[in-house]
Amino acid sequence: MESTWIQDALRSSIKTIDTFGSPDSPPPEQDPLRRKLIEGVLFTRRFVPTYHILVLGIIFIVSGTHWVNIAIRRNRRRAARLISLDIEDDYDRDAKAGQLCPYLGKYCERESSSISSSGSSTLQGTASPPQADREESEETPLLHDGHILQPVHAQKTILSSIRKFLMYQPRSIPVFNKTLPPNGTSLAILGFMGINIFYMFFHIDLQIYQSFVVADRFGFLFVANLPYLYLLAAKNQPAKLLTGRSYESLNLFHRRLGELLCLQAILHCGGMVITWYLIIRPNGFGLVRFLLLKTIIWGLIAFFAYEALYFTSLASFRQRWYELFLGLHIVLQVIALVFVFLHHPVGQPYVGASLAIFLLDRLVYRIRIKSTTVQARAMIMEDDETVKLTANIPLDTSNHVSHIFGKSISYGWKATDHIFVTVPSLSGSHILQSHPFTIASRAPASKEEEAPLILLIRAQSGFSADLLMRARSHKQLTLRLDGPYGSSHARHIFEGSNLALLIAGGSGIAVCWPLVQHLLDRSRASDVETGSRVMGRRQRIVLIWIIHQGEHLDWIGREALADAEFRGVEIIIPRATEEIGRPDLKGMIESVASDTEHSQSTILDKARTRKISVVASGPDSMGRVVQNTCAEMVGEGKNVDVTIEKFGW
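What counts, and where the lines are drawn
- Residues numbered from 1 in each chain as written.
- Predicted model: local features only at pLDDT ≥ 70, side-chain atom pairs only at ≥ 80, totals over all residues.
- Heavy atoms only, no water.
- Helix = DSSP H or I, 4+ residues; strand = E, 2+ residues; numbered from the N terminus.
- Buried < 20%, exposed > 50% of the residue type's maximum accessible area, 1.4 Å probe, protein only.
- Contact = heavy atoms within 4.5 Å.
- Areas by Shrake-Rupley, 256 points an atom, 1.4 Å probe, with all protein chains shown as cover.
- Patch = residues over 30% accessible without salt bridge, like charges linked within 9 Å, V, L, I, M, F, W, Y side chains within 5 Å.
- Salt bridge = Lys/Arg side-chain N within 4 Å of Asp/Glu carboxyl O.
- Lys, Arg positive; Asp, Glu negative; His and termini not counted.
- Charge placed at Lys NZ, Arg CZ, Asp CG, Glu CD.
- Core = buried A, V, L, I, M, F, W, Y, C linked by side-chain atoms within 4.5 Å.
- Axes fitted to C-alpha atoms, helices over the stretch in contact; angles between N-to-C directions.
- Parallel < 35°, antiparallel > 145°, perpendicular 65-115°, else oblique.
- Nonpolar A, V, L, I, M, F, W, Y, C, P; charged D, E, K, R; others polar.
- Pairing = 2+ DSSP bridges.
- Left-handed = near helix turned anticlockwise from the far one by under 90°.
- Right-handed = clockwise from strand over helix to strand, strands pointing away.

Asker: Quick question: what am I supposed to make of the overall build of the protein here?
Answerer: A tally of helices and strands in the protein yields 22 helices and 13 strands. Expressed as a percentage of the 649 residues in the protein, the buried residues total 46%. In the protein, of all internal contacts separated by at least 6 residues, the share reaching a separation of at least 24 is 76%. For the protein, the exposed surface amounts to about 32,900 Å²; the carbon and sulfur share of it is 60%.

Asker: Help me understand the environment of I59, please; the structure alone is not making it clear to me.
Answerer: Considering the arrangement of structural elements, one finds I59 in helix α3 (residues 50-97). Take I59: its relative accessible area is 31%, and that puts it in the partly exposed class. C-alpha separation for the pair I59 and L242, spaced 183 residues apart in sequence, amounts to 8.0 Å.

Asker: Would you mind showing me how to read a negative patch on the surface here?
Answerer: A surface patch of negative charge is lined by E382, E551, D554 and E578. Among the secondary structure elements, D554 is positioned in the loop between β10 (540-546) and α18 (558-566). A relative accessible area of 30% means that D554 is categorised as partly exposed.

Asker: Would you take a moment to explain the pattern of salt bridges for this structure?
Answerer: Once their charged atoms are close, side chains differing in charge can pair, the charge on each being opposite to the other. Under the counting rule described, the total for this entry stands at 14 salt bridges. Between D641 and R163 there is a salt bridge, with its nearest N and O atoms 3.5 Å apart. In this pair, D641 sits in strand β13 (residues 639-644) while R163 sits in helix α4 (residues 158-167), placing the two residues 478 residues apart along the sequence. Since its relative accessible area comes to 29%, R163 is described here as partly exposed. Taken together, the shared-partner salt bridges connect R442, E448, D521 and R567 into one network.

Asker: Is there a simple way to think about the nonpolar core in this case?
Answerer: Side chains that are nonpolar tend, in soluble globular proteins, to be buried together. Judged by nonpolar contacts, the single largest core of 50 residues is most densely connected at F222, L226, L257, Y306 and V340. Looking at this core, the element that brings in the most residues is helix α6 (residues 211-233), giving 15 residues.

Asker: Can you help me understand a nonpolar patch on the surface in this one?
Answerer: Taken together, the side chains of I158, I162, F165, L166, L187 and L190 define a hydrophobic patch exposed on the protein surface, amounting to about 610 Å² of accessible area. Take the nonpolar patch: its biggest share by element is 4 residues, from α4. Note on placement: I162 falls in helix α4. Overall, the relative accessible area of 45% leaves I162 in the partly exposed class.

Asker: Looking at this structure, I do not really get the packing of α4 against helix α22 (residues 620-635). What am I missing?
Answerer: To describe two helices that pack against each other, one gives the angle between their axes and the distance between the axes. Relative orientation of the contacting elements α4 and α22 amounts to 170°, with a least axis distance of 8 Å. Our classification of the angle between α4 and α22 gives roughly antiparallel. Between α4 and α22, the residues in contact are S160, R163, K164 and M167 and Q627, N628, C630, A631, E632, V634 and G635, respectively. For the contact of α4 with α22, the per-class residue count stands at 4 nonpolar, 4 polar and 3 charged.

Asker: Teacher, can you tell me more about the environment of C630 here?
Answerer: Here C630 shows up in helix α22. What makes C630 buried here is its relative accessible area of 0%. In this structure the C-alpha to C-alpha distance between C630 and V642, which are 12 residues apart in sequence, comes to 6.9 Å. Excluding its chain neighbours within four sequence positions, the residues that come into contact with C630 are M167, V614, V640 and V642.

Asker: Before we go on, may I ask you to explain the sheet that holds strand β5 (residues 418-422) in this structure?
Answerer: Consider a sheet: its strands pair through backbone hydrogen bonds, and that pairing is either parallel or antiparallel. Across the sheet, 6 strands lie side by side as β6-β5-β8-β3-β4-β7; this open sheet has antiparallel pairing. Only two strands of the sheet have a single partner each, and these edge strands are β6 (435-438) and β7 (450-458). Across this sheet, the average inter-strand angle for adjacent strands is 40°, counted without regard to direction. With 4 bridges joining them, strand β3 (residues 371-380) and strand β4 (residues 386-394) adopt antiparallel strand pairing. Along β4, the bridge assignment pairs A378 with L389.

Asker: Quick question: what am I supposed to make of the sheet that holds β10 here?
Answerer: Taken together, 5 strands build an open sheet; the order of strands is β11-β10-β9-β12-β13 and the sheet is parallel. The outermost strands of the open sheet, each flanked by one partner alone, are β11 (570-572) and β13. The mean angle between the axes of side-by-side strands here comes to 15°, regardless of whether they run parallel or antiparallel. Across 3 bridges, β10 lies against β11 in parallel orientation. Residue pairing in the sheet places L543 in a bridge with I571 of β11. Seen against the sheet, α22 touches β9 (499-505), β12 (611-617) and β13 and runs at an angle of roughly 165° to β13.

Asker: Could you clarify how one ought to interpret the packing of α6 against helix α12 (residues 322-343) in this entry?
Answerer: One can describe the packing of α6 onto α12 by two numbers: an axis separation of 12 Å at closest approach and a directional angle of 145°. The handedness of the crossing between α6 and α12 is left-handed. Contacts between α6 and α12 involve F222, V223, L226 and Y230 from the first element and Q333, L337 and V340 from the second. By residue class, the composition of the contact of α6 with α12 is 6 nonpolar, 1 polar and no charged.

Asker: Explain the side chain of H435 to me, please; I cannot follow it from the model alone.
Answerer: With respect to the helices and strands, H435 occurs in strand β6. The class of H435 is buried, set by a relative accessible area of 4%.

Asker: What's the story with the pairing of β13 in this structure? I'm lost.
Answerer: In summary, the side chains of a regular strand alternate between the two faces of the sheet. Of the pairings in the sheet, the one linking β12 to β13 comprises 6 bridges and is parallel in character. Across the sheet, residue S613 finds its bridge partner in β13, namely D641. Of the crossover connections in this fold, the one passing from β12 over α22 to the parallel β13 is right-handed.

Next comes the structure, spelled out in structure tokens:
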């Protein structure tokens, strides 16, 4: 059943045609314009719902790819364990019999040597990693059953060129200084935008007197996209289970979809104004009378609320007035949803779905299920502008239901996870605010009963500045924690890699340091499971940390860094950038990768290209250098995976 407003608009269009028509014009019941308007509106009602089928189909394909990759990784891990155990069995049997080793073609005399040595790294003062000593026989082919097994070298192919293009991150847009994502992400966003443009203009007659049908199509697509907008913004969402991507990696799609919705709202509003001017105004229906219609009033309030929501979400506004952005983001969303619901009955089901997503995420999960209150020790670090918060978290592994419907910090966390922090003891404006911070401490093991949670918070303005002032006079603070949140992508790319390269810029060490601990724990567990006598491949772990001030080493501590070196991690920390400027990060990455490519390898590694996995966290400019350096290596045919860890609204 069409609304009264549509019927009134159609009747007005009939009167307009009668005014300009000839005496021989057909009666209103047979008027072709009215018939086209009705057909156009009814076609939109049938056509737009197919948009959801297409979107759900895309999600199904992405989800299927994700779960297939999980199965492949699981099978590879199982195969690697079986190969390691088989090698160990052969080793024991051949050692007892004194026979030739089937893997080397000569008597197997194994040396207990490590792939990486703490002597090849330094804590500070080295801008590029030193080269490992190489023997002359490094490239000598190994014998396998009497045949020469040549090492596999990287080769440039069409596929590697395509991967390079998809990984490359262009420069920021001039004037606007807008950071662009890698080309692959941009193409995915453009594809999604293209689908929307197709649905906006398919089977649309762009004649001026069809403006009402055009405006109706834009308005219908606007409300149809609302649930996806709120789903992509939700911190607790099924997309993580389906695709393996947490909300922070989908946030870019949320922003672009929000911009598209603002455009659709503008076009919808403009189309209705044209409809009034051409069809309704000639019949004496003035602008003021038109704007005072309830339907129009509700629509205008919703329109201005969403446009204000967009402008206050721009990076320039968000970075300067973050606290104000947080408050307006919630208030304006509620106002906009209410008045879209009142504006037109077609949008009411979509508004209901959007409101349900919003309330379920905010009230049920973030406040009830995933919220925890803890006591934390506050310490001001050596640089006098960073607060270190430490809380001992009692761990509970008894309730498995929470792992399905959302778990709180009491059930542990993983490397690269982050939480939202509220400090109620600060000023009144901070009581309802929550700010995201990466957990900088090691992720607890499955059977631990208590684990320290560490947050590193640099004072800038607003919340962080008030927290620093509070920490000067209070060593104990009450924290309300919402989380943890995050994805497993950064951890998974290290599986099966020869080189695990972690690059931190400043406070990005909060992401990389837990990953270092994760890799060390996994390596130790693997050694225990397969035995250390096996001449297998051990992963090389390299950490590059670029600091602005020398005092920032205190964030992790020299003892902790030295302990990681002792356990086999190569740590490269150039001199502080305030002293020497930015180091040659590209050269450092290429040097580390080249060293790994030419390092001593096992018979299994000689048969395949060495895999390099890179995770970086830091400023956008640093992330772009890392991304494009890896893209160049991929273009050369090297097996490189890279992910840039960052989160935000």
